[in-house]
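Chain and residue survey
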Amino acid sequence: MQYLPNIIFAIALLLGIGFFVMNIHKLSRNIKLGKDVDRTDRKPERLKNMIKIALGQSKMVKRPFSGFLHIVVYVGFIIINIEVLEIIIDGLFGTHRIFQGVLGNGFYAFLIGTFEILAALVFVAVVIFWLRRNVSNIKRFFSKEMKGWPKNDGNNILYFEMVLMTLFLVMNATDTAFQQAGIGNPISQFIAPLFDGFSAETIHTIERSAWWIHILGILVFLNYLYYSKHLHILLAFPNTYLANLNPKGQFNNLESVTNEVKLMMDPDADPYAAPAEGAEETVPEKFGASDVTDLNWVQLLNSYTCTECGRCTSSCPANLTGKELSPRKIMMDTRDRLEEVGRNIDANGGTFVDDGKQLLNDYIKPEELWACTSCNACVEECPVNIDPLSIIMDMRRYLVMEESAAPQELNMMMTNIENNGAPWQYNQQDRLNWAKED
Amino acid sequence: MTVPTMAEMMAQGKQPEVLFWVGAAGSYDDRAKKISRAFVKILHQANVDFAVLGTEESSTGDAAKRSGNEFLFQMQAMMNIEVLNGYEVKKIVTCDPHSFNTLKNEYPSLGGKYEVFHHTQFIQNLISEGRLKIDDTTLKGKRVTFHDPCYLGRANEVYESPRNLIKRLGVNLTEMKRNKSTALCCGAGGAQMFKEPEKGDKDINVLRTEDALETKPQIIATGCPYCNTMMTDGIKFKEKEAEVLVKDIAELIAEANNL
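Residues numbered from 1 in each chain as written. Chains lettered and ligands numbered in written order. Predicted model: local features only at pLDDT ≥ 70, side-chain atom pairs only at ≥ 80, totals over all residues. Heavy atoms only, no water.

Moving on, we come to the sheet that holds strand S8 (residues 245-248) of chain B. Strands in a sheet are paired, the pairing made by backbone hydrogen bonds, and the direction either parallel or antiparallel. Residue and element names in this part refer to chain B. With parallel pairing, the 4 strands of this open sheet are ordered in space as S6-S5-S7-S8. On the outer flanks of this sheet lie strand S6 (172-174) and S8, each paired with one strand and no other. Averaged over all pairs of adjacent strands, the angle between strand axes in this sheet comes to 35°, irrespective of strand direction. The sheet contact formed by strand S5 (residues 143-146) and S6 spans 3 bridges and is parallel. Following the sheet pairing, Thr 145 is matched in S6 by Thr 174. Running at roughly 90° to S8, helix H11 (residues 249-256) makes contact with S5, strand S7 (219-222) and S8 of the sheet. (Pairing = 2+ DSSP bridges. Helix = DSSP H or I, 4+ residues; strand = E, 2+ residues; numbered from the N terminus. Axes fitted to C-alpha atoms, helices over the stretch in contact; angles between N-to-C directions. Contact = heavy atoms within 4.5 Å.)

Shown next, in the form of structure tokens:
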């Protein structure tokens, strides 16, 4: 019977991690529903981006106040994982504060002391985040797309962190031996007196409960990630590594179109030629994107990485002037639709069964797409290099090339380019007139 | 004004140093034509051997591409590339950041590889090579603010050459609160120039003009014909046209040098 806690711990750990791994598989499967895109080039540059932007938080601090608070929570998160490692070893082998013996009192005191200070700082930062989200007047936290789950999700994460930090400090405060040793308890020593009147047994029960709820809480939080915008703590790394390295103004030249255009412009091409003997029957490629499976997998990864901070939307000129477009909503819609497609595949034994819905119209309206000035402000702002503009452009391509559904004025502009070589209705023969006037 | 064409050059067996890509706005738009002429005056003053395509030039396809018509864009691109490669063009300069971006970034994979300059970069090179001087007395002390074009700034990270030129004018350059990588769009990019804006509570060019007016400028300097139009319209909307001028950097240089 004495091994019962260890066995329960091992089962909880296996279940927690197992469920998480299962969801990661699903995540990876969903991302792979996207079209292929090659991001294997320029590896040193990619690595540098990842280190600078994801690890070094260089784009976060462009807004210094939230950037600084975010770094506190981020550093706290990373360093406290060492403590989690100790908890796991203790839990599995029935030891208690195994690192104290292994690392020696001095270093252990330094480590745990640092964790305690970080835990307190994280708690404060998270409370400020909560106030910013719920009380202060920061527009990006109160936009249309931030109602319901997105709002609750943001708060849930903060509550999780508050509770986990509190449990960690209470666990230390009620560890009588740890308090008596007086090592590494710079914060918890002030919490310990709260339990002065309690019996030794009660204090021990509180310590054990805090310890258990803390580690179970961490396992639950781990599994919450997949359902939450908090997934960015993992995906920010691949996302910055795989981000587009070309100049922001350079849009890809669709290869499928190049082939068609070359054929059209080649005077020797026979438009009625039968496909070569043995050539594979290929379904003509769809131009542009109307659903998530038309997007490439980096765009889909982008949508899972988005943490809905809204920095993109708050810098979008269309959004700032009251238009429908919100780059954040584009990313959230893409993720929501991708999740829906994923659930459809799961429910239908591994194949997607047409549900009569798509990203375009059911999630994103053409009005949103046509409001974009392609100015790249959203791309520049994103702290983890998400590119909402590329999705907007791919969907515009679908609207124009598959549906001929551009606004009338743009159709006129395109006709003019086609006929006169200029977006306006002028004669190409008049192109040099400007040189003769003065 | 003498503006030689590539065809004339070829007939004389000459290959100019640089091709001036005028762009549709620079060719047809009354306001932008002034920018083209100002730039040509600068080229003449610096004795630059240049030529234009003239009637052989066609839309780069930028507006088509950004409105989603990849077909039309690539057809334009391939026709232009055929003409440019036919003349063995190596170097291109343009006053239009949209043409600049498209020629520089999107033509290469379709077979058009050129060294492409925005006119502010090109003029800066002329100065550093000692071929051009800017008179810093004519506009001395004027309050100037510069509006970064998205397709020059964020899209290609060219922030310094326009500022460098403005400072050489001897003027007082003040920055808007949103500048360089955080600059606000004028509202014309992504083919918005050619359509009414979607419904909202304000036009983007008005918001950007408000950014500019906060710096109390006498001149709003631009580096893009479309930005120029949008800011000019914004100034008219705010009824400030008596106090604030909107000028392209090329026009300011031509004016400073009494060209």
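That shown, we press on.
This paragraph deals with the domain arrangement of chain A. Where interface size is given, it is often the accessible area lost as the parts come together that is meant. Residue and element names in this part refer to chain A. By domain assignment, chain A separates into domain 1 (3-32 + 63-233) and domain 2 (255-264 + 285-426). Distance between the C-alpha centres of domain 1 and domain 2: 39 Å. Each partner contributes residues to the interface: domain 1 has 22 residues there, and domain 2 has 26 residues. Counting the surface lost from both domain 1 and domain 2, the interface buries some 2,000 Å², and carbon and sulfur atoms represent 46% of this. One can count 5 salt bridges joining domain 1 with domain 2. We note a salt bridge from Arg 29 to Asp 346, for which the minimum N-O separation is 3.1 Å. Of all elements in the fold, only helix H1 (4-31) and helix H3 (64-93) reach the threshold of two or more residues within the side of domain 1 that touches domain 2. (Domains from an automatic or database assignment. Buried area = accessible area lost by both parts, 1.4 Å probe. Salt bridge = Lys/Arg side-chain N within 4 Å of Asp/Glu carboxyl O.)

As a further point, take the pairing of strand S1 (residues 18-21) of chain B. Residues and elements named next belong to chain B. On S1, burial covers both faces: Val 18 and Phe 20 on one face and Leu 19 and Trp 21 on the other are all buried. As paired strands, S1 and strand S2 (residues 50-51) are joined by 2 bridges and run parallel to one another. Note on S2: the bridge partner recorded for Val 18 is Phe 50. Alignment of S1 against strand S3 (residues 91-94), held across 3 bridges, turns out to be parallel. For Trp 21, the partnering residue across the bridge sits in S3 and is Thr 94. (Buried < 20%, exposed > 50% of the residue type's maximum accessible area, 1.4 Å probe, protein only.)

Residue and element names in this part refer to chain B. Strand order in the open sheet formed by 4 strands is S2-S1-S3-S4, and the pairing between neighbours is parallel. The sheet is open, and its two edges are formed by S2 and strand S4 (115-118), each paired on a single side. Pairing geometry for S3 and S4, over 4 bridges, is parallel. Opposite Thr 94, over in S4, you have His 118 as the bridge partner.

Turning our eyes to something else, we now look at the layout of surface pockets. If you roll a probe as big as a water molecule over the atoms, it shows you where there is empty space left. Residue and element names in this part refer to chain A. What the second largest pocket holds in volume is close to 830 Å³. Along the walls of the second largest pocket sit 39 residues, with Met 60, His 70, Lys 229, His 232 and Thr 307 positioned nearest its centre. For the lining of the second largest pocket, the secondary-structure elements that each account for two or more residues are helix H2 (43-55), H3, helix H5 (105-134), helix H6 (149-173), helix H10 (232-241), helix H13 (311-315) and helix H15 (327-347). For the lining of the second largest pocket, the per-class residue count stands at 23 nonpolar, 8 polar and 8 charged. (1 Å grid on protein atoms, 1.4 Å probe; cavity = no way out; pocket = protein on both sides within 12 Å on 5 of 7 lines; lining within 4 Å. Points joined across faces, edges and corners; volume = space filled by probe spheres on them. Nonpolar A, V, L, I, M, F, W, Y, C, P; charged D, E, K, R; others polar.)

Residues and elements named next belong to chain B. Of all 10 residues in helix H7 (residues 119-128), 7 are buried, a share of seventy percent or more. Among the residues making up H7, those that are buried are His 119, Thr 120, Gln 121, Phe 122, Ile 123, Leu 126 and Ile 127. Phi turns positive, to about 75°, at Gly 130, one or two residues after H7.

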